[in-house]
Amino acid sequence: MSRFWSPLVHGLTPYVPGEQSNDDGLIKLNTNENPYGPSPAVLAAIRAAVTDTLRLYPDPHAEALRRTLAAHHGVDPEQVFVGNGSDEVLAHTFQGLLKHPAPLLFPDLTYSFYPTYCRLFGIDFRQVPVDAAMQVRVADYRQECGAIILPNPNAPTSIALSPAAIEGLVHDHAEQVVVIDEAYVDFGAESVVPLVSRHPNLLVIQTLSKARSLAGLRVGFAIGQRPLIEALERVKNSFNSYPLDRLALAGAAAAYADQAWFEETRGRIIASRDRLRAALLELGFEVPASLTNFLFARHPLHEGPGLAAKLRERAILVRNFRQPRITDHLRITVGTDAQCDRLLTALRELV
Ligand SMILES: *Cc1c(COP(=O)(O)O)cnc(C)c1O
């Protein structure tokens, strides 16, 4: 606390990310990072960008990357907005599209950056409870609101909605913006990017941090019809002309040129996830079927904080949330099979 702070800063409760450590001995299953590195083609493209041209500003419009993303998703480059991680794209979206007199709706169990952005930007919000099975029920969103945002699959529950359910929601709220945060969509769920051409109120956000294994490069993007994208550009151009540096622009585009690497690594993660879930179920955990790169597990006989602390003593990091309804859950990122086996060995001693 300081008397020099603005009233806004006094009122903030910042988001706290999972522990980030450089200790190689730790097994990091706490921040949903990809256990496999990015494509060698990405590293080569970044190295090739390390030249004298770093003295020049990068392209403020990221034209080449936007063309690559547009071609990959079958949309027009004018329908693509890029930012410094999807967190920045989300921040601009909250300010530019989700701040209205009526409250913004999102699930009670969801990405905890959403309420944080609402407090930062002074956005009124209402949380809609997920059901007893932790599923989002789109019918519960039929209420007066200014806009809606949902991750699909949802985090930290790992459960996905079908494109038909999302289209119903988008259709029910034709006068409001509906944002779908698809951070984990590449691990088995179906993207709603193909619905953008039919729905002027739908904005889809994706990241290169998870399935493309580039959390350290900070690249995310949004796809929507032109008026929504223009709102994001207006906010961005009032904030930072160059959110993506030259290395990020080069590396991100190269990630989409190596589709084989993407398919191979996400296939391995999906196989490890399903194997880890089966083993956790055998140990007595309750674990919903996941379409993400993490599992959301609860043991009926063990408290979450204690279990997380005992795993930490064994050099294994998992995420536990001090939040109603889910204090006893662990969010476990799917690592390599070897890392999953280390986790299972520890859990067999603990439960
Ligand atoms: C990881 C994550 C993000 C943020 O991704 P970055 O692109 O790394 O900022 C956004 N939304 C959800 C739901 C996430 O889990």
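Computed from a predicted structure; not experimentally measured.

What counts and how
- Residues numbered from 1 in each chain as written.
- Predicted model: local features only at pLDDT ≥ 70, side-chain atom pairs only at ≥ 80, totals over all residues.
- Heavy atoms only, no water.
- Domains from an automatic or database assignment.
- Contact = heavy atoms within 4.5 Å.
- Buried area = accessible area lost by both parts, 1.4 Å probe.
- Pairing = 2+ DSSP bridges.
- Helix = DSSP H or I, 4+ residues; strand = E, 2+ residues; numbered from the N terminus.
- Axes fitted to C-alpha atoms, helices over the stretch in contact; angles between N-to-C directions.
- Salt bridge = Lys/Arg side-chain N within 4 Å of Asp/Glu carboxyl O.
- Buried < 20%, exposed > 50% of the residue type's maximum accessible area, 1.4 Å probe, protein only.

Draft legend 1. Examining the domain arrangement of the chain more closely. Partitioning the chain into domains gives domain 1 (2-38 + 260-350) and domain 2 (40-258). On a C-alpha basis, the centroid separation for the pair domain 1 and domain 2 is 23 Å. Listed as interface residues are 32 residues of domain 1 and, on the opposing side, 35 residues of domain 2. Here domain 1 and domain 2 share an interface that buries about 2900 Å² over both sides, 62% of which is from carbon and sulfur atoms.

Draft legend 2. Just the sheet that holds strand 4 (residues 125-128), in detail. Spatially, seven strands are ordered 2-8-7-6-5-3-4 in an open sheet, and the strand pairing comes out mixed. In this open sheet, the two edge strands, each paired with only one partner strand, are strand 2 (80-83) and strand 4. Here the strands of the sheet are splayed against their neighbours by 20° on average, with no regard to which way each runs. Two elements, strand 6 (residues 177-181) and strand 7 (residues 202-207), share four bridges in a ladder whose sense is parallel. In the strand pairing of strand 7, Val 178 is matched with Leu 202. Relative to the sheet, helix 4 (residues 85-97) contacts strand 2, strand 3 (104-107), strand 5 (147-151), strand 6, strand 7 and strand 8 (220-224), its axis offset from that of strand 7 by approximately 160°.

Draft legend 3. Geometry of the pattern of salt bridges. Summed over the entire model, instances satisfying the criterion amount to 19 salt bridges. Two residues, Arg 66 and Glu 63, come together in a salt bridge whose shortest N-O distance is 3.5 Å. Pair noted here: Arg 66 and Glu 63 are both in helix 3 (residues 63-73), with a separation of three residues, about one helical turn. By relative accessible area, which is 7% here, Arg 66 ends up buried. Note on Glu 63: relative accessible area 33%, which makes it partly exposed. The residue Asp 172 makes a salt bridge to Arg 142 at a minimum N-O spacing of 2.9 Å. With Asp 172 in helix 6 (residues 163-172) and Arg 142 in the loop between strand 4 and strand 5, this residue pair connects regions lying 30 residues apart in the sequence.

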